[in-house]
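Report on the structure
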Amino acid sequence: MRTSDPIPDSVLDDVRSSARTPAVAWIRRGAVALLGMIVLAGLTGLLGVYSMTAHASGGGYQLDLEYPRIARPGLNIPWNLTVRRPGGFTEPVVIAVESDYFDMFESQGWTPEPSAETSDADRTYMTLDPPPGDTLTLGFDAYVQPSSQTGASGSVSVYEDGIDVVTAHFTTWLVP
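An account of the accompanying structure is given in this report.

Once that is clear, we can look at the environment of arginine 72. With respect to the helices and strands, the residue arginine 72 is situated in the loop between β2 (61–71) and β3 (76–77). Judged by relative accessible area, arginine 72 falls into the partly exposed class, the value being 31%. Note: C-alpha distance between arginine 72 and aspartate 134 (62 residues apart in sequence) is 34 Å.

In the structure shown here, the tally under the stated rule is 2 salt bridges. Two residues, arginine 84 and aspartate 64, come together in a salt bridge whose shortest N-O distance is 2.7 Å. Of the two residues, arginine 84 is situated in strand β4 (residues 80–84) and aspartate 64 in strand β2; the sequence distance between them amounts to 20 residues. Between arginine 123 and aspartate 164 there is a salt bridge, and its shortest N-O distance comes to 2.9 Å.

Let us now look at helix α1 (residues 22–43). Relative to the 32 Å expected for 22 residues at 1.5 Å per residue, α1 spans 31 Å between its end C-alpha atoms, a close match to the ideal helical length. Directly beyond the C-terminal end of α1, a positive phi value near 90° is found at glycine 45.

The next point concerns the pairing of strand β1 (residues 50–58). Examined bridge by bridge, β1 and β2 share 9 bridges and lie antiparallel to one another. Bridging from a neighbouring strand, serine 57 pairs with glutamine 62 of β2. Remark: 2 residues form the turn of the hairpin made by β1 and β2, two consecutive strands paired antiparallel; glycine 59 in that turn has positive phi of roughly 60°.

Rules and cut-offs
Residues numbered from 1 in each chain as written. Predicted model: local features only at pLDDT ≥ 70, side-chain atom pairs only at ≥ 80, totals over all residues. Heavy atoms only, no water. Helix = DSSP H or I, 4+ residues; strand = E, 2+ residues; numbered from the N terminus. Buried < 20%, exposed > 50% of the residue type's maximum accessible area, 1.4 Å probe, protein only. Salt bridge = Lys/Arg side-chain N within 4 Å of Asp/Glu carboxyl O. Expected span 1.5 Å × (residues − 1). Pairing = 2+ DSSP bridges.

Here it is as structure tokens:
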């Protein structure tokens, strides 16, 4: 430094400031607002597991299925089927479910365990012994695989004599 040079007030005096345009400022504000909304959604639990109930009736049966409408990888999910038949069940009940839907889950098992189980290219058929009374319940204990990234749609039916007598449809969305 020469003796004739003025002494700087700050070491940052010669650092050039970047030009901030109004467009850049609005982009930054928008990004901060979006990040804030995501954090707020997470804090309020909106990014967790949300269940819905699908209803269907026909062929003398009523189906009510509680299933995960929105879920996240690694979390437990509800999947509970209730089948009602006025007058009760006299024969084993065959429940048919789309196999591809369950690929996104790590299964802990069915409750109650089916007395027989078989499958074809598209569906799994579970035979359940007739319960006492007019209500059969079937629960699926599972969680979403951590590697699952997309949701799936499926259906569940009461299957008698080679046909679906009643079917409920459902869709699960996965969020990160």
